[in-house]
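So the chains spell out like this:
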Amino acid sequence: KNQVEQSPQSLIILEGKNCTLQCNYTVSPFSNLRWYKQDTGRGPVSLTIMTFSENTKSNGRYTATLDADTKQSSLHITASQLSDSASYICVVSPLNNNDMRFGAGTRLTVKP
Amino acid sequence: DAGITQSPRHKVTETGTPVTLRCHQTENHRYMYWYRQDPGHGLRLIHYSYGVKDTDKGEVSDGYSVSRSKTEDFLLTLESATSSQTSVYFCAISRTNQETQYFGPGTRLLVL
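Keep in mind that what you see is a predicted model, and the values were worked out from it rather than measured. (Residues numbered from 1 in each chain as written. Chains lettered and ligands numbered in written order. Predicted model: local features only at pLDDT ≥ 70, side-chain atom pairs only at ≥ 80, totals over all residues. Heavy atoms only, no water.)

Caption draft 1: Broad picture of unusual backbone geometry. A cis geometry characterises the amide bond from A:Ser7 onward to A:Pro8, with omega recorded as -10 degrees. Locating A:Pro8 in the fold gives a position in the loop between strand S1 (4-7) and strand S2 (10-14). Omega for the peptide link from B:Ser7 to B:Pro8 comes to -10 degrees, which places this bond in the cis form. Within the secondary structure layout, B:Pro8 lies in the loop between strand S1 (4-7) and strand S2 (10-13). Backbone geometry at A:Ala79 places phi at a positive 50 degrees, although glycine is not the residue there. (Helix = DSSP H or I, 4+ residues; strand = E, 2+ residues; numbered from the N terminus.)

Caption draft 2: View of the pairing of strand S8 (residues 73-78) of chain B. All names here are of chain B. Here strand S3 (residues 19-25) runs beside S8; their pairing, made up of six bridges, is antiparallel. Across the sheet, residue His24 finds its bridge partner in S8, namely Asp73. Note: strand S7 (residues 64-70) against S8, five bridges, orientation antiparallel. Following the sheet pairing, Ser67 is matched in S8 by Leu75. (Pairing = 2+ DSSP bridges.)

Caption draft 3: Main features of the interface of chain B and chain A. If you look at the interface, chain B gives 22 residues, while chain A gives 20 residues. Surface buried jointly by chain B and chain A totals about 1,600 Å² across both partners, of which 45% is contributed by carbon and sulfur atoms. Interface area lost by chain B to chain A is led by B:Leu43, B:Gln98 and B:Phe103, which between them contribute 29%. On the surface where chain B and chain A come into contact, there are one salt bridge. The partner of B:Glu59 in a salt bridge is A:Arg101, with the nearest N and O atoms 3.4 Å apart. (Contact = heavy atoms within 4.5 Å. Buried area = accessible area lost by both parts, 1.4 Å probe. Salt bridge = Lys/Arg side-chain N within 4 Å of Asp/Glu carboxyl O.)

Caption draft 4: Region of the structure containing the packing of aromatic side chains. Considering all chains together, one arrives at 11 aromatic pairs over all chains under this definition. Seen from their ring centres, B:Tyr48 and B:Tyr50 are 6.2 Å apart, and the 45 degrees between their planes marks the pair as tilted. Each member of the aromatic cluster is reached from another via a ring pair, and the members are A:Tyr36, A:Phe102, B:Tyr31, B:Tyr33, B:Tyr35, B:Tyr48, B:Tyr50 and B:Phe103. (Phe/Tyr/Trp six-rings, centres within 6.5 Å; stacked < 30°, edge-to-face > 60°.)

Caption draft 5: Highlighting the pattern of salt bridges. All names here are of chain B. Taken as a whole and judged by the stated rule, the model has eight salt bridges over all chains. Between Arg36 and Asp38 there is a salt bridge, and its shortest N-O distance comes to 2.9 Å. Take Arg36 and Asp38: they sit in the same class, and that class is buried. Three or more residues joined by partner-sharing salt bridges are found here, namely Arg22, Lys70 and Asp73. (Buried < 20%, exposed > 50% of the residue type's maximum accessible area, 1.4 Å probe, protein only.)

The following block contains the structure:
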């Protein structure tokens, strides 16, 4: 069973709208949680990184939140743009090893 | 792409043949990683390296071997390719095992 579950699997929104992507994880203890953006045919690119003691981190129109008690994270995208169309991947790093756990991603499509 | 290249970018091979993929970095990062990405799965770690000649197994290492004889190069070898190894392979680098990983553009491998 994957230790990082993301929802929804896919999402379609209109340009200019906001959206929130979810990540639930069972990795414990963990040292940090990252969100990556992956454009089609490209490698993932880091958006945010949060340690277990942080509960929010922003990068422009992207804001990630973390609730370590409930083991949930979310990525909120504000005022979406066509270029936001991509897969968004949640990644959790266990505390004492290098084997990061990747979610399967949420495929976001922004339509004009 | 943070000074990371992968070669080849595309390869078609036959079952039972050996295949070597190359990852080259110009960032002098200590850590290098090989992942595979398949539909419906998150990225899965195959092997990683924490220095020249220092490597360790990841989650899905069976059927793969790696070598790192220089800081800048990390090779992934499929000793005898199977159809189940058809995938997109990504290399990543990081300064430390807790810092952001930077991904290469990927290699698309088809094993017939």
